[in-house]
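Single-letter residue listing:
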Amino acid sequence: MTETLVVENLATHFFTKAGVVKAVDGVSFRVGRGKVLGLVGESGSGKSVTGFSVMGLVDPPGRIVSGAIRFKGENLVGKSEEAWRSLRGARIAMIFQDPMMTLNPVLRIDTQMIEAVQAHERVSAEEARKRARDALGQVGIPSPEERLKAYPHQFSGGMRQRVAIAIALLHKPDLIVADEPTTALDVTIQGQILAEVQSLARDTGTSLIWITHDLSVVAGLADDICVMYAGKVVEQGSVDDVLDHPLHPYTNGLLGSVPSRNRRGEPLRQIPGMTPSLLSLPQGCAFQTRCPRADAACRHNIGMTELREGQFVRCVHPHQEALA
Amino acid sequence: MTVYLIRRLMQAGLVLAVMSVLVFLGVFAVGDPIEILISPEATQFEKEEARRALGLDLPLWQQYLVFLENAVQGDLGRSFVFNMPAIQVILMRFPATLELALVAMLWTVLFGVPLGLWAGLKPNSVSGKTIMAGSILGFSLPSFWVGLMLIMTFAVMLGWLPSTGRAEPVTMFGITSSLWTAKGWAHVMLPSVNLALGQIALVIRLTRAGVREAMLMDYVKFARAKGLTQRRVIGVHVMKNIMIPIVTVLGLELGSLIAFAVVTESIFAWPGMGKLIIDSINLLDRPIVVAYLMMTVFLVILINFAVDVLYSVLDPRVRLKDSGS
Ligand SMILES: Nc1ncnc2c1ncn2[C@@H]1O[C@H](COP(=O)(O)OP(=O)(O)O)[C@@H](O)[C@H]1O
Ligand SMILES: [Mg+2]
């Protein structure tokens, strides 16, 4: 089976005046056809930059410095802007975090959808409009014909995100990068959107990279999980493995901060401290400053080890007791 | 919308009323026109006669009331010098000034927006930095000096363009303008460029700032994520957003170009309102000064209003409504 996306050793750095920010530093993962990959980590861990790298949308001072992004077998790194453009929105689409900001405030919804259709297909405006209307109906927007004529500010946040999703689905892409698309929404709307994207993706066989800082969102959605910390993947594996027996102290900490039925009555545990600045990372494991298990051994760099079949971790002192 | 319009009209009326008092008082304080208009040898009696004929013997408040009453009927007094209704004298000069201002506006849009766009898209390139340095010059060089340099270079040394005056206007399609002829364009070239330089600098900076800000917005990234070409992203998504501040500023600037083209009109002997007002101040031709100032205020109010309406057309989030109640 050929994978939809294989990312190998991707490094995306920002060359700022203060120094080189290694926002993504040697990240590898794969997403199978129709599969959902959950990309998890605290804010600032490099999830969005990973997503933008896959879209070819990293802007200066940032740049993909090494690695490969193989989309259906073809490496996209180093491709021309036109090659990227023809894939964007057509084969690989993206949904952004803040629906209030992603639609252009001064253009009508129909303009923004018709141009998205016509960016990749030579169809009449009339035909494109019909497609746009159907797409709006598909994501559950009532009376789509009239809503096409509206401006973004006439929609609620949830509705705007539905419009963005409809745009992402226009060309039935092979892959959608969803960058925390429900974070800015009410809990009830979050659930609806989550369920809809999941079923729409399943219907069309679209693969998903679902970026979030909230493990509970990924739990019911993803097939595989990739946990990122300070630009590196620290743990990855199937959703069941990683959530049932997390090996990395960071994953463990993340899970402890999520409310769960099994641990009702226990206080939620927060990971102490803050994400370190990417400009002044410690030698070795970036998590050592906040880790309860850290010792001198953590100052050495260490690669990913497969401690369980299909479950990889980057840690000197993993929670191996979980495996027993 | 209707309520909004009525409210705006009432505000405009109030501004005009306040302005009329200020202008009338301000102008009254400047010298005694009789001393200039009547020959020094005239007898006291002749002077009194002239004073009475011009209504200058009445108390100040009565003069104002007379002025107001006439003004409401569209009569802003008779010019002492031209012996014609002041408003008519001004309106005769108005087309020349409007023509100059519009051509200057044309240069502003034609050069300011593209250069600003370029500087905003390539802020670190040599060309981008050169444009910005140029815009600083456009701001800081005094208008009269630039005007003289333009005359020196293009009229005196190169002899390409006439330095003063306006070509004979021609009427075509019901519009009388000197711009229907090549000679007209030759004449308007130097003064309009002179008038436009500061505006171009302003628009370059405004456009550049707008572009740089817009390029960082999520909607631009999303537009690119849809697979739109760079051309469409910039030409439609970015431009439509930055046109809002640009149109606002351009509109307001058009008002001040018309009202204050005084320096340029004087240097290039352009027969417009600016030159008229300087002459009238020198001759203490009060009705002209009063009418000119009232007319300018009226024009600025009108332009502001047009800008407001245009603003609401450009920005769908702004709807003209009665915000008061
Ligand atoms: N344009 C940029 N210039 C410099 N640093 C950047 C830029 N964009 C992102 N970064 C850095 O990359 C890191 C990862 O950012 P991001 O991927 O947005 O995190 P996440 O999405 O996981 O919250 C952050 O530390 C941020 O400071
Ligand atoms: Mg992010």
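Residues numbered from 1 in each chain as written. Chains lettered and ligands numbered in written order. Predicted model: local features only at pLDDT ≥ 70, side-chain atom pairs only at ≥ 80, totals over all residues. Heavy atoms only, no water.

Draft legend 1. Local environment of the overall build of chain A. Looking only at helices and strands, one finds 11 helices and 12 strands in chain A. Over its C-alpha trace chain A gives a radius of gyration of 20 Å, about what one expects of a compact globule, namely 20 Å for 324 residues. Counting only C-alpha atoms and orienting by the principal axes, one finds that chain A spans roughly 65 × 50 × 40 Å. Sorting the 324 residues of chain A into buried and exposed places 52% on the buried side. Residue pairs in contact within chain A that sit at least 24 positions apart in sequence constitute 65% of those at least 6 positions apart. (Helix = DSSP H or I, 4+ residues; strand = E, 2+ residues; numbered from the N terminus. Rg over C-alpha atoms; globule rule 2.2 N^0.38 Å. Buried < 20%, exposed > 50% of the residue type's maximum accessible area, 1.4 Å probe, protein only. Contact = heavy atoms within 4.5 Å.)

Draft legend 2. Inspection of the overall build of chain B at higher detail. A tally of helices and strands in chain B yields 13 helices and 2 strands. When the backbone C-alpha atoms are referred to their principal axes, chain B occupies close to 85 × 65 × 40 Å. Put simply, chain B has 325 residues, and 41% of those count as buried. When contacts within chain B are restricted to residue pairs at least 6 apart in sequence, long-range pairs at least 24 apart make up 72% of them. Carbon and sulfur atoms make up 70% of the accessible area of chain B, which totals about 16800 Å². In chain B, which carries 25 positive and 20 negative side-chain charges, the distance between the mean positions of the two groups comes to 21 Å. (Areas by Shrake-Rupley, 256 points an atom, 1.4 Å probe, with all protein chains shown as cover. Lys, Arg positive; Asp, Glu negative; His and termini not counted. Charge placed at Lys NZ, Arg CZ, Asp CG, Glu CD.)

Draft legend 3. Spatial organisation of the side chain of B:Asn241. Mapped onto the elements, B:Asn241 comes out in helix α10 (residues 230–259). Engagement of the side chain of B:Asn241 in a polar contact is seen with the side chain of A:Asn104, the distance being 2.8 Å. Here B:Asn241 is in contact with A:Asn104, A:Pro105, A:Val106 and B:Tyr219, once residues within four sequence places are set aside. (Polar contact = N/O pair within 3.5 Å; in protein donor to acceptor, adjacent residues only side chain to side chain.)

Draft legend 4. Structural context of the layout of surface pockets. In this model, the largest pocket occupies a volume close to 970 Å³. Together, 30 residues line the largest pocket, and A:Val58, A:Asp59, A:Pro60, B:Met215 and B:Arg224 are the ones closest to its centre. At the level of elements, β4 (62–71) and α2 (81–87) of chain A together with α5 (86–121), α8 (182–215), α9 (218–225) and α10 of chain B are the ones that each hand at least two residues to the lining of the largest pocket. (1 Å grid on protein atoms, 1.4 Å probe; cavity = no way out; pocket = protein on both sides within 12 Å on 5 of 7 lines; lining within 4 Å. Points joined across faces, edges and corners; volume = space filled by probe spheres on them.)

Draft legend 5. Broad picture of the environment of A:Asp203. All names here are of chain A. Following the sequence through the fold, Asp203 ends up in helix α8 (residues 187–204). Asp203 gets classed as exposed once you look at its relative accessible area, which sits at 65%. Separated by 169 residues in sequence, Asp203 and Gly34 place their C-alpha atoms 9.1 Å apart.

Draft legend 6. A look at the domain arrangement of chain A. Residues and elements named next belong to chain A. If you check the domain split of chain A, you get domain 1 (3–91 + 174–182 + 207–322) and domain 2 (94–170). Using C-alpha coordinates to define each centre, domain 1 is positioned 30 Å away from domain 2. In this assembly, 14 residues from domain 1 lie in contact with 8 residues from domain 2. When domain 1 packs against domain 2, close to 1000 Å² is buried across both sides, 62% of that on carbon and sulfur atoms. Put simply, domain 1 and domain 2 have 6 residue pairs in polar contact (both at pLDDT 80 or more) between them. Where the side of domain 1 that touches domain 2 is concerned, the elements lending two or more residues are α1 (47–55), α2 and β7 (175–179). In terms of residue count, the dominant contributor to the side of domain 1 that touches domain 2 is β7 (4 residues). Partitioned by chemical class, the residues of the side of domain 1 that touches domain 2 number 7 nonpolar, 3 polar and 4 charged. (Domains from an automatic or database assignment. Buried area = accessible area lost by both parts, 1.4 Å probe. Nonpolar A, V, L, I, M, F, W, Y, C, P; charged D, E, K, R; others polar.)

Draft legend 7. Representation of the confidence of the model for chain B in the model. Residues and elements named next belong to chain B. Summarising the model, chain B shows a mean pLDDT of 83, and 94% of its residues fall at 70 or more. When pLDDT is averaged over each element of chain B, α9 comes out on top at 94 and helix α2 (residues 33–37) at the bottom at 66. Our summary of model confidence lists the complex with pTM equal to 0.81 and ipTM equal to 0.89. (pLDDT = per-residue confidence, 0-100.)

Draft legend 8. Representation of α9(B) within the structure. A large share of α9(B) lies buried, amounting to 7 of its 8 residues. Those residues of α9(B) that fall on the buried side of the exposure criterion are B:Tyr219, B:Val220, B:Lys221, B:Phe222, B:Ala223, B:Arg224 and B:Ala225. On its buried side, α9(B) packs onto α1, β6 (92–95), α3 (99–102) and α7 (157–169) of chain A together with α8 and α10 of chain B. A positive backbone phi angle near 90° is found at B:Gly227, which sits one or two residues after α9(B).

Draft legend 9. Local environment of the pattern of salt bridges. Going through the model one piece at a time under the given rule, you end up with 24 salt bridges over all chains. Residues joined by salt bridges that share partners form a network here, namely A:Arg108, A:Asp110, A:Arg129, A:Arg133, A:Asp134 and A:Glu145. (Salt bridge = Lys/Arg side-chain N within 4 Å of Asp/Glu carboxyl O.)

Draft legend 10. Summary view of a nonpolar patch on the surface. Residue and element names in this part refer to chain B. Nonpolar side chains collect at one region of the surface, where Leu137, Leu141, Phe144, Trp145, Leu148, Met149, Met152, Val156, Met157, Leu158, Trp160 and Val263 lie side by side and expose about 1200 Å² of accessible area between them. Ranked by residues supplied to the nonpolar patch, first place goes to helix α7 (residues 143–157) with 7 residues. Here Trp160 is to be found in the loop between α7 and β1 (170–172). (Patch = residues over 30% accessible without salt bridge, like charges linked within 9 Å, V, L, I, M, F, W, Y side chains within 5 Å.)

Draft legend 11. Structural detail: unusual backbone geometry. All names here are of chain A. Cis geometry marks the peptide bond from Pro60 to Pro61, where omega comes out at 5°. For Asn9, which is not a glycine, the phi torsion comes out positive at approximately 50°. In this fold, Asn9 is placed in strand β1 (residues 5–16).

Draft legend 12. Representation of the site of ligand 1 in the model. All names here are of chain A. Gly44, Gly46, Lys47, Ser48 and Val49 are the nearest of the 13 residues found near ligand 1. Here Gly44 contributes a backbone N or O atom positioned 2.6 Å from an oxygen atom of ligand 1. Within the backbone of Ser45, a nitrogen or oxygen atom sits 3.2 Å from an oxygen atom of ligand 1. Coverage of ligand 1 by the protein chains reaches 65% of its 560 Å² of free accessible surface. (Near = heavy atom within 4 Å.)

Draft legend 13. Geometry of the sheet that holds β4(A). Residue and element names in this part refer to chain A. What the 4 strands build is an open sheet, ordered β2-β1-β4-β5; its pairing is antiparallel. In this open sheet, the two edge strands, each paired with only one partner strand, are β2 (19–31) and β5 (74–75). Sheet topology places β4 next to β5; 2 bridges connect them, and they run antiparallel. Among the inter-strand pairings, Arg70 is bridged to a residue of β5, identified as Asn75. (Pairing = 2+ DSSP bridges.)

Draft legend 14. Just the side chain of A:Arg160, in detail. With respect to the helices, strands and loops of the structure, A:Arg160 is situated in helix α7. Lacking a salt bridge, the buried A:Arg160 has A:Asp98 as its closest oppositely charged neighbour, with an N-O distance of 7.0 Å.

Draft legend 15. The arrangement of the interface of chain A and chain B in detail. Listed as interface residues are 26 residues of chain A and, on the opposing side, 22 residues of chain B. Approximately 2300 Å² of surface area, both sides summed, lies buried where chain A meets chain B, with 62% of it carried by carbon and sulfur atoms. Where chain A meets chain B, there are 4 salt bridges. Close ionic contact of A:Asp59 with B:Lys221 constitutes a salt bridge, the shortest N to O distance being 3.7 Å. In this assembly, chain A and chain B are joined by 12 residue pairs in polar contact (both at pLDDT 80 or more). At the level of secondary structure, the elements contributing two or more residues to the side of chain A that touches chain B comprise α1, α3, α4 (109–118) and α7 of chain A. Of all the elements, α4(A) adds the most residues to the side of chain A that touches chain B, at 4 residues. In the side of chain A that touches chain B, the residues fall into 15 nonpolar, 7 polar and 4 charged.

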